[in-house]
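# Architecture at a glance
Chain by chain, the residues run as shown.
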Amino acid sequence: MNLLKRTRVQTWITLLIVCSANIQAAIAEDLITIDNGSIKVGIDREKGAAITWLSSAGYPRNLVNIADPGRLIQQSYYAGRVIDRTADGQHKSWSPWSWNPIQGGGVGSVKGQGSWARVTVFEKREDALYSETIPKLWDMADEEAEAVMRQWTTMESNMPGVVRVRCEFQAMRREGDRWGNARMNPQEVPACYFTRNFADVRSYLGSGKWRPEHQRPGPPWGKASPPRQAMAMFEASGQGVALFSPSATEHWNFGPHAAGLSDDPTAGPCMHVAPVSRVLMGPKSIYRYRYWLIVGNETEIAARLDTLWNLYATEKAELIESPQ
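Described below are features of the structure shown in this document. Owing to the predicted nature of the structure, the values given are computational and were not obtained by experimental measurement.

Calculation criteria
- Residues numbered from 1 in each chain as written.
- Predicted model: local features only at pLDDT ≥ 70, side-chain atom pairs only at ≥ 80, totals over all residues.
- Heavy atoms only, no water.
- Helix = DSSP H or I, 4+ residues; strand = E, 2+ residues; numbered from the N terminus.
- Expected span 1.5 Å × (residues − 1).
- Contact = heavy atoms within 4.5 Å.
- Polar contact = N/O pair within 3.5 Å; in protein donor to acceptor, adjacent residues only side chain to side chain.
- 1 Å grid on protein atoms, 1.4 Å probe; cavity = no way out; pocket = protein on both sides within 12 Å on 5 of 7 lines; lining within 4 Å.
- Points joined across faces, edges and corners; volume = space filled by probe spheres on them.
- Nonpolar A, V, L, I, M, F, W, Y, C, P; charged D, E, K, R; others polar.

Since one α-helical turn is 3.6 residues long, residues separated by three or four positions face the same way. Given a rise of 1.5 Å per residue, 15 residues ought to cover 21 Å, and the 21 Å separating the end C-alpha atoms of helix H2 (residues 298-312) matches this to within 8%. Against the buried residues of H2 lie strand E14 (162-171), strand E16 (200-206), strand E17 (209-213), strand E19 (230-234), strand E20 (240-244) and strand E23 (285-296). Of the residues flanking the start of H2, the one acting as N-cap is Asn297, its side-chain oxygen 3.1 Å from the backbone nitrogen of Thr299.

Further remarks concern the layout of surface pockets. In this structure, the largest pocket encloses a volume near 850 Å³. Forming the boundary of the largest pocket are 32 residues, of which Tyr78, Trp94, Glu188, Tyr193 and Trp221 lie nearest the centre. When residues of the lining of the largest pocket are traced back to their parent elements, those giving at least two are strand E4 (73-76), strand E6 (97-99), strand E15 (183-195), strand E21 (252-257) and strand E22 (270-281). Split into classes, the residues belonging to the lining of the largest pocket amount to 15 nonpolar, 11 polar and 6 charged.

Between Val189 and the following residue, Pro190, the backbone shows a cis peptide bond with an omega angle of 0°. By the secondary structure assignment, Pro190 is in strand E15. Omega for the peptide link from Pro219 to Pro220 comes to 5°, which places this bond in the cis form. The topology assignment puts Pro220 in the loop between E17 and strand E18 (222-224). At Ser207, a position not held by glycine, the phi torsion is positive, near 55°. With respect to the element layout, Ser207 can be found in the loop between E16 and E17. Look at Ala258: it is not a glycine, yet its phi comes out positive at around 70°. Along the chain, Ala258 falls in the loop between E21 and E22.

Rendered as structure tokens:
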């Protein structure tokens, strides 16, 4: 190879390396994380800034199911009356349906791949993650909701293995729209989907005691009433993930979807849990609440849940009506 050809080849190789590095950097920027050594949590710009990564020192793989916009760990709200919009493209499996903005995105496009929500603010602020998202309506292929979701994700102070998440939802619907005035609707606070291998489901009773919960694959999901507002899911080695949601006022939905014990975050089979509150959500409502994610083994999670209960058992959600 002569000198000119060798120089051209070396130049092309250099350009390919630089382009590959830039692509990898762009991908990395879509997922921002915080990690304190005991727990790692991340939000994804390309997936509505929902939580798409959760792992621990004992289970370093991602345990969040991210197979489609309806999975993840995310905000989800319901308001107004249930209506049939199939003429406008509403998914037949989700019709009739209420006004249902989802942080992840819509149920499906023409090709059935789903549509991800638009993120307008996406920041890492020291030891916290902050985002603002324009959600999609779940029942539609690709329709933005007249709303904004804000989220602050950080570590609980002086508690290893615990993430604290603060959510704020602001509805900005037009007066007199097709969904109507405020109605009492169930809210998922929040909706969580984990990998299918976390199949051992338990409600926490306090003082290290647990109650096993059993449910056939759904949906429909099972219902549980955990007395300490916390449920956990464990995999075969004993590592687990728990959710503590003190503002929940109703039952909790939970259960497996499909068979098999896959640890693949992109697989169809998954585990679901969602504490429920009933809220008079109106066209201009602002709703705020907090929840906690806890990782570790059974003993570690129990101790951390006892501490969280002592600190936050009386915490309530906040609902106000915007003057605008």
